[in-house]
Amino acid sequence: MRLVADNVCVARSGQVFFSGISFSLNAGEALVVSGPNGVGKSTFLRVVAGLLPDAEGRIELEGGGGENVAESAHYLGHRNAMKRALSVRENLEFWRDFMGVSEAYQTKVSSNVEEAVAKVGLDGIDHLPFGYLSAGQQRRIAMAKLLIAYRPLWILDEPTAALDVQSQDMFARLIEAHLEGGGLVIAATHQPLGLTDARSLVLDPGSRAAFGARDPFAPEDAA
Ligand SMILES: Nc1ncnc2c1ncn2[C@@H]1O[C@H](COP(=O)(O)OP(=O)(O)OP(=O)(O)O)[C@@H](O)[C@H]1O
């Protein structure tokens, strides 16, 4: 499976931030998107996720069973997309039912709610209203959503912003497990994600987007 972006334009309300973005990402690879506030990282992710129209260019998941990118992706935005009054379990059950079992990926194993909550280190709290959780706990439950319905492509916008060091490490391991299973990840971030072998897309204001082989946040010893 391969995600191919060819000559993609990143624009909002007619204002073009970047054009001519081309790259490919193979199964098992992560792309870290970086750049200053307001440069267009979230906009780029939303274009990839199919939430904003790509004014020009092509984004396709090749060899992914015929489904389009949006149907093959989890999108984790700045917000957690959970109802505060519903319990953790009710929220995750909603997302499991809403995402459904994708025919193209029915051989892939998804976690049930208990397993997903345990994998983000929060077992025992699934009865609590989501709104009772701390900011970091809420983010971790939003991450559990990635595990309850398999999708090969994870699109993540500043996924670890509210997380302590231990939780950042936990999430890096979840990403690595996803990649090892043949998944793909695109993440916008201002801080290291702890991935040892990610590729990078640097969005630099006033210039072209630079697609590089190495994640600028990668640990030194991974070079
Ligand atoms: N609906 C909209 N219409 C027009 N411009 C918008 C709209 N939404 C966002 N923008 C602008 O698009 C630009 C890029 O925003 P975006 O959220 O993609 O930046 P970012 O790189 O993710 O920033 P940050 O690091 O602060 O999250 C910003 O200048 C923002 O004000």
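Look a little higher up for the structure.
This is a predicted model, so every value here is computed, not measured.

Quick question: what am I supposed to make of the environment of Gln15 here?
Along the chain, Gln15 turns up in strand S2 (residues 15-26). By C-beta crowding, Gln15 is classed as exposed, having 9 other C-beta atoms within 10 Å. For Gln15 and Arg140, which are 125 residues apart along the polypeptide, the C-alpha to C-alpha distance reads 34 Å.

Got a minute to help me understand helix H1 (residues 41-48) in this structure?
Residues lying three or four places apart along an α-helix face the same way, a consequence of the helix completing one turn every 3.6 residues. Burial runs high along H1: seven of the eight residues are buried. Looking at the buried side of H1, the elements it contacts are strand S1 (2-12), S2, strand S3 (30-34), strand S4 (58-62), strand S6 (153-157) and strand S7 (184-188). Looking at the residues trailing H1, positive phi occurs at Gly50, about 85°.

Looking at this model, I keep getting lost on the nonpolar core. Mind explaining?
Among the nonpolar cores identified, the biggest contains 56 residues, and Val33, Ala144, Ile155 and Ala187 are the most heavily contacted of them. Element by element, the count of residues in this core is highest for helix H4 (residues 135-148), at seven residues. Beyond its immediate chain neighbours, meaning those up to four positions away, Ala187 contacts Ala30, Val32, Val33, Leu156, Pro159 and Leu193.

Explain the site of the ligand here, please?
Surveying the vicinity of the ligand reveals the residues Arg12, Ser13, Gly35, Asn37, Gly38, Val39, Gly40, Lys41, Ser42 and Thr43. The leading source of residues in the shell around the ligand is H1, at three residues. Each residue belonging to the shell around the ligand can be placed in one class, and the counts come to one nonpolar, seven polar and two charged.

The rules we used
All residue numbers refer to position in the chain's written sequence, counted from 1. Whole-chain, interface and lining totals are the exception, using all residues; otherwise, since this is a predicted model, local features are given only for residues with pLDDT of at least 70 and side-chain atom pairs are given and counted only at 80 or more. Per the convention used, a helix needs a DSSP run of H or I reaching at least four residues, while a strand needs a run of E reaching at least two, with both numbered from the N terminus. Neighbour counting defines burial: a residue surrounded by 20 or more other C-beta atoms within 10 Å of its own C-beta is buried, one with 12 or fewer is exposed, and intermediate counts give partly exposed, using backbone-placed C-beta atoms. Any two residues are considered in contact once their C-beta atoms, placed from the backbone, lie within 7 Å. Under the definition applied here, buried Ala, Val, Leu, Ile, Met, Phe, Trp, Tyr and Cys residues are grouped into a nonpolar core through C-beta atoms within 7 Å. To decide nearness, the C-beta atom of each residue is placed from the backbone, and the residue is near a molecule or strand if that atom lies within 6 Å of it. Gly counts as polar in this scheme, as do all residues outside two lists: the nonpolar Ala, Val, Leu, Ile, Met, Phe, Trp, Tyr, Cys and Pro, and the charged Asp, Glu, Lys and Arg.

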